[in-house]
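In case you want the letters, here they are:
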Amino acid sequence: MASPNGGIIGVLNPTSFGKCTVTSQTSSGTLTTQPGTRVAAIAVVAGGAGGGGQSAGGGGAGGLRTCSSFSVCGATTYPITVGAGGASNPAGPAASSGSSSIFSTISSTGGGA
């Protein structure tokens, strides 16, 4: 069983028109900002690691990076990579690490197995 994937969460994306849009991404792809958006608050969560078996410990949590005032351009597409959770190994101590998540230039490192 794999650990949960990471994600990208736009905590607050105010536009110059006084509106706010909250966006969450749980799979890789792109995000297009709303027209008029100039600044976004971003949280980038990486995938957690899988846990080991046979009295081994749990996997490490995925990293978290935040930026409260990330400059963006309205109606612009930004690339997103959502890191996958690592696979567990119930039959042994070794499991897989989680993968990193990236939004534009903000990256977060996956959890260690």
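In the block above lies the structure referred to throughout.
None of the values given here were measured: they were computed from a predicted structure.

Peer 1: Explain the overall build of the protein to me, please; I cannot follow it from the model alone.
Peer 2: A count of helices and strands for the protein gives zero helices and eight strands. For the protein, the sequential pattern of α-helices and β-strands runs β-β-β-β-β-β-β-β. Sorting the 113 residues of the protein into buried and exposed places 35% on the buried side. Surface summary for the protein: the accessible area is close to 5,800 Å², and the carbon and sulfur share equals 56%.

Peer 1: Would you explain the nonpolar core in this entry?
Peer 2: Where a protein is soluble and globular, its nonpolar side chains tend to be buried together. Core analysis: the largest hydrophobic core is formed by eleven residues, namely Leu31, Ala40, Ile42, Val44, Phe70, Val72, Tyr78, Ile80, Val82, Phe103 and Ile106. Of all the secondary structure elements, the ones that give two or more residues to this core are strand E4 (39-45) and strand E6 (77-81). Among the elements that take part in this core, E4 stands out by supplying three residues, more than any other. If we skip the residues at most four places from it in the chain, Leu31 touches Thr23, Gln25, Thr76, Thr77, Tyr78, Ile80 and Phe103.

Peer 1: Is there a simple way to think about the sheet that holds E6 in this case?
Peer 2: Hydrogen bonds between backbone atoms are what pair the strands of a sheet, whose relative direction is either parallel or antiparallel. With respect to topology, four strands assemble into an open sheet ordered E3-E6-E7-E8, the strand pairing being antiparallel. The strands lining the two open edges of the sheet, one partner per strand, are strand E3 (29-32) and strand E8 (106-108). Across the sheet, the mean angle separating the axes of adjacent strands is 20 degrees when strand polarity is ignored. Where strand E7 (residues 101-103) lies against E8, three bridges are found, and the strand directions are antiparallel. In the strand pairing of E8, Ser101 is matched with Ser108.

Thresholds applied
Residues numbered from 1 in each chain as written. Predicted model: local features only at pLDDT ≥ 70, side-chain atom pairs only at ≥ 80, totals over all residues. Heavy atoms only, no water. Helix = DSSP H or I, 4+ residues; strand = E, 2+ residues; numbered from the N terminus. Buried < 20%, exposed > 50% of the residue type's maximum accessible area, 1.4 Å probe, protein only. Areas by Shrake-Rupley, 256 points an atom, 1.4 Å probe, with all protein chains shown as cover. Core = buried A, V, L, I, M, F, W, Y, C linked by side-chain atoms within 4.5 Å. Contact = heavy atoms within 4.5 Å. Pairing = 2+ DSSP bridges. Axes fitted to C-alpha atoms, helices over the stretch in contact; angles between N-to-C directions.

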